[in-house]
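Overview (structure and organization)
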Amino acid sequence: MKRFLICLIGLMGIVGCSREVDTVPLYQRYAARTDLTVAQVKGFHLCDTVKVDVVILVADDSVAWQGLKEELDIRTSEGVTSWMGDIDKPAKRVKRSVRPAWRAMVVHDDRTIAFYRIDTEEQREALMDYQMNKLDR
């Protein structure tokens, strides 16, 4: 998972150099923070036919991680945590049928949160398939 996130952040630099990318409000909310590494990937391919936008937050240290966990109401501290969050307030949990929404994936060991923007059921299902495929490796 850590290699995957490093690749995504590296791709962000390539995308940023090749074309102008509109930033989403969630990215803008965290981009100026000096205690986080923040990346946005527009049109990340989950499979050949399905793309989503992704915002990735990586806490630079344990203090930043604790603050981020409190801000997003993350109560667990091990493994992987996931929820569907409101598009404007990702800490607010919503039913999985609400669209648009953010699918948050938290990897505690890496102090990383990836927010996948979900607009359709097809995207939600493709994200679940993508994540399950990553677990098999």
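Only a predicted model underlies this, so the values are computations on that prediction, with no experimental measurement involved.

A word on the sheet that holds strand E5 (residues 112-118)
Within the open sheet, the five strands sit side by side as E1-E2-E5-E4-E3. Their pairing is antiparallel. Of all the strands in the sheet, the pair left with one neighbour each is strand E1 (36-45) and strand E3 (80-86). Within this sheet the neighbouring strands show an average axis-to-axis angle of 20 degrees, counted without direction. Where strand E4 (residues 101-107) and E5 come together, seven bridges link them in antiparallel fashion. Within E5, the position partnered with Met105 by the bridge is Ala114.

Focus on the pairing of E5
Of all seven residues making up E5, six are buried, and the element is well covered by its neighbours. Relative to E5, strand E2 (residues 51-59) runs antiparallel, the two sharing five bridges. When the bridges of E5 are listed, Leu57 appears paired with Ile113. Between E4 and E5, which follow one another and run antiparallel, lie four residues, and Arg111 among them has a positive phi close to 50 degrees.

A word on the environment of Glu78
With respect to the secondary-structure elements, Glu78 resides in the loop between helix H3 (62-71) and E3. A relative accessible area of 66% places Glu78 in the exposed class.

Section: the nonpolar core
Membership of the largest hydrophobic core comes to 20 residues, with the highest contact counts inside it found for Tyr30, Val55, Leu68, Leu72, Ile113 and Phe115. For this core, the secondary structure elements donating two or more residues are helix H2 (25-31), E1, E2, H3, E4 and E5. If near-sequence neighbours (up to four positions away) are discounted, Leu72 is found in contact with Tyr30, Trp83, Ala91, Arg93, Ile113 and Phe115. Residues Phe44, Val52, Ile56 and Ile118 belong to the second largest nonpolar core, which totals 18 residues.

Definitions and cut-offs
Residues numbered from 1 in each chain as written. Predicted model: local features only at pLDDT ≥ 70, side-chain atom pairs only at ≥ 80, totals over all residues. Heavy atoms only, no water. Pairing = 2+ DSSP bridges. Helix = DSSP H or I, 4+ residues; strand = E, 2+ residues; numbered from the N terminus. Axes fitted to C-alpha atoms, helices over the stretch in contact; angles between N-to-C directions. Buried < 20%, exposed > 50% of the residue type's maximum accessible area, 1.4 Å probe, protein only. Core = buried A, V, L, I, M, F, W, Y, C linked by side-chain atoms within 4.5 Å. Contact = heavy atoms within 4.5 Å.

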